[in-house]
Amino acid sequence: MSDLNETHDPALRSWLQSANDDTLGFPVQNLPYCVFRRAGSAEAWRPGTGIGDRILDLAALARMRPFTGDAARALAACEDTGLNTLMALDAACWSALRLALSRALRAGSPLRDRIEPLLVAQKDAEFSVPARIGDYTDFYISLHHATSVGRQFRPDNPLLPNYKWVPIGYHGRASSIGVGQDFHRPVGQTRPAQEGGVPGFGPCARLDYEVEIGVFIGTGNAQGHRIPMDQAEAHIFGITVLNDWSARDLQAWEYQPLGPFLSKNFASTISPWIVTLEALAPFRVPFERGAGEPQPLPYLASAHNSAAGAFDVRLRTELSTAQSRDQGKPAAALAQSNFRDAYWSIGQLVAHHTVNGCNLQPGDLLGTGTLSGPQPDQAGSLLELTQGGKVPITLPWGETRTFLQDGDEVSLSAECVKAGYPRLSFGAAAARVLPALD
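Residues numbered from 1 in each chain as written. Predicted model: local features only at pLDDT ≥ 70, side-chain atom pairs only at ≥ 80, totals over all residues. Heavy atoms only, no water.

In the annotation of an unreviewed UniProt entry, the chain is listed under the name fumarylacetoacetase and assigned to Bordetella genomosp. 11. Turning to the chain, the UniProt record has this under Pathway (unreviewed entry): "Amino-acid degradation; L-phenylalanine degradation; acetoacetate and fumarate from L-phenylalanine: step 6/6." (UniProt positions renumbered as here; feature names shortened; annotations may be inferred.)

Spelled out as structure tokens, the structure:
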């Protein structure tokens, strides 16, 4: 799955000059998918692929019928308002379309004159959630995050005994997932001031972000039929950046005995771009467990997963505030981490999710859980950066934060970088906190 091929040649250049600008992160080697329309228009939403500072309108391209075979079949699936029809096809079709698009967008392509009028500037577009998400499952796959947070509540035993044996997850709320969303501060119950007292009720006071990767399911599986590890990645269409916002004070009161509910379901923000696993092939790295760590059970193990089941994806968190924007200050970088440090791989998430016969469907979304690194400045949440709110962080323009305030805007971005290869960008998952509604 996702072996290197001609689409990964680092020497490839596009006839669209902006695609060759490494600062943008949308070279012909990337070709991520989105769903878009011209901003402020009543146009139908339709699939597109990112190239340089433009979007190629795939619905319009499909009407031209430029491809044959599996590539034509895949492109025809883009005559939809979302990516679900394309996602429902198999990996051979996805790969054929990627190859055809790569050839069409390369320097010297005979299709340039037909394709160039179908390009829309990214700055002139607005984006929608790229698929109709039927179900959303959030996991907890960063050992460093689980240990850091667990230590705040259980200093002597931060990790529960099941953590290193089973990918922990819970079902989230698909309806509140958005792209570039602004959302109101959530309201709910909080822990009583005294044991046995009356709970508090009101706006969340400990609002937090969580740096995650979102995994979009492509081909589904029939109910009752598990997906084995050696087939798991063939069911993954691609990955995106995900911010699973958390109301920490609501969470502390409600999470036992059944886990998160209102503390998680009010908003989740994703980047508009989905980067395919095939595009990420040059950035695969071995999936390794440290010395002395328990090895995955057989249904969570495969030779491919051990050799190349992890991905070198750099994650970055930035924060701006109402004050910083008024002063024209750039957003503050809060932390950086890397997806390669996750304790479980995305193939393992799919295999575990279906081992009981659960049927995944095209467009389903799996969140990795907060992706923190081993160092303090690699934390994926304010809960960790501020040690549970005990140590405020000071922003470059003088404000301090323990948790998010109204007007704060968080932007999570991701990229793949290696010497001798074009930079691949995932765009950003950005959203702003609005005051709570009465």
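Secondary structure assignment for the chain yields twelve helices and 26 strands. Computed over C-alpha atoms, the radius of gyration of the chain comes to 22 Å, within 12% of the 22 Å expected from 2.2 N^0.38 for 438 residues, which places it in the range of a compact globule. If one aligns the C-alpha atoms of the chain with their principal axes, the spans along those axes are about 70 × 55 × 40 Å. Residues counted as buried form 56% of the 438 residues belonging to the chain. Taking the intrachain contacts of the chain between residues at least 6 apart in sequence as the baseline, contacts between residues at least 24 apart amount to 74%. Surface summary for the chain: the accessible area is close to 18,200 Å², and the carbon and sulfur share equals 51%. With 37 positive and 45 negative side-chain charges, the chain shows a spacing of 2 Å between the two charge centroids. (Helix = DSSP H or I, 4+ residues; strand = E, 2+ residues; numbered from the N terminus. Rg over C-alpha atoms; globule rule 2.2 N^0.38 Å. Buried < 20%, exposed > 50% of the residue type's maximum accessible area, 1.4 Å probe, protein only. Contact = heavy atoms within 4.5 Å. Areas by Shrake-Rupley, 256 points an atom, 1.4 Å probe, with all protein chains shown as cover. Lys, Arg positive; Asp, Glu negative; His and termini not counted. Charge placed at Lys NZ, Arg CZ, Asp CG, Glu CD.)

Within the secondary structure, serine 263 sits in the loop between α8 (248–254) and β16 (268–270). Residues serine 263 and alanine 247, spaced 16 residues apart in sequence, show a C-alpha to C-alpha distance of 4.7 Å.

Judged by nonpolar contacts, the single largest core of 68 residues is most densely connected at Tyr209, Ile239, Trp245, Phe339, Leu404 and Phe426. Not counting the four nearest positions on each side in its chain, isoleucine 239 is found in contact with Ile213, Gly214, Val215, Trp273, Ile274, Val275, Leu277, Leu280, Phe339, Ile346 and Phe426. Core analysis: the second largest hydrophobic core is formed by 47 residues, Ala19, Ala174, Phe216 and Ile274 among them. (Core = buried A, V, L, I, M, F, W, Y, C linked by side-chain atoms within 4.5 Å.)

Below, the discussion takes up the packing of aromatic side chains. In this structure the tally under the stated criterion is ten aromatic pairs. For the ring pair phenylalanine 283 and tyrosine 421, a centre distance of 5.5 Å and an interplane angle of 80° mean the geometry is edge-to-face. In this pair, phenylalanine 283 is assigned in the loop between β17 (275–276) and β18 (284–285) and tyrosine 421 in strand β26 (residues 421–434), connecting sequence segments 138 residues apart. Looking at phenylalanine 283, the relative accessible area reads 2%, which means it is buried. The buried category is assigned to tyrosine 421, whose relative accessible area is 11%. (Phe/Tyr/Trp six-rings, centres within 6.5 Å; stacked < 30°, edge-to-face > 60°.)

The subject of this paragraph is the domain arrangement of the chain. It is common to give the size of an interface as the accessible area lost on bringing the parts into contact. Assigned domains of the chain: these are domain 1 (6–128) and domain 2 (136–434). With centres defined by C-alpha atoms, the gap from domain 1 to domain 2 works out at 28 Å. Here domain 1 is connected to domain 2 by zero salt bridges. At the junction of domain 1 and domain 2, the tally comes to eleven residue pairs in polar contact (both at pLDDT 80 or more). Broken down by element, the residue count for the side of domain 1 that touches domain 2 peaks at four residues, all from helix α4 (residues 91–105). Looking at side-chain class alone, the side of domain 1 that touches domain 2 contains 16 nonpolar, eleven polar and three charged residues. (Domains from an automatic or database assignment. Salt bridge = Lys/Arg side-chain N within 4 Å of Asp/Glu carboxyl O. Polar contact = N/O pair within 3.5 Å; in protein donor to acceptor, adjacent residues only side chain to side chain. Nonpolar A, V, L, I, M, F, W, Y, C, P; charged D, E, K, R; others polar.)

Turning our eyes to something else, we now look at the sheet that holds strand β21 (residues 332–338). As summarised here, the arrangement of the five strands in space is β9-β26-β25-β20-β21, forming an open sheet in which the pairing is mixed. Each edge of the sheet is formed by a strand with only one pairing partner; in this case those strands are β9 (182–184) and β21. Across the sheet, the mean angle separating the axes of adjacent strands is 20° when strand polarity is ignored. Here β9 pairs with β26 via three bridges, running parallel. Residue aspartate 182 lies in a different strand from β26, and its bridge partner there is arginine 432. (Pairing = 2+ DSSP bridges. Axes fitted to C-alpha atoms, helices over the stretch in contact; angles between N-to-C directions.)

For the rest of this paragraph, the subject is the UniProt feature "domain: Fumarylacetoacetase N-terminal" (unreviewed entry) in the chain. Per the UniProt record, the feature "domain: Fumarylacetoacetase N-terminal" (unreviewed entry) sits at residues 29–130. Along residues 29–130 one finds 37% helix and 23% strand; the C-alpha atoms at either end are 20 Å apart.

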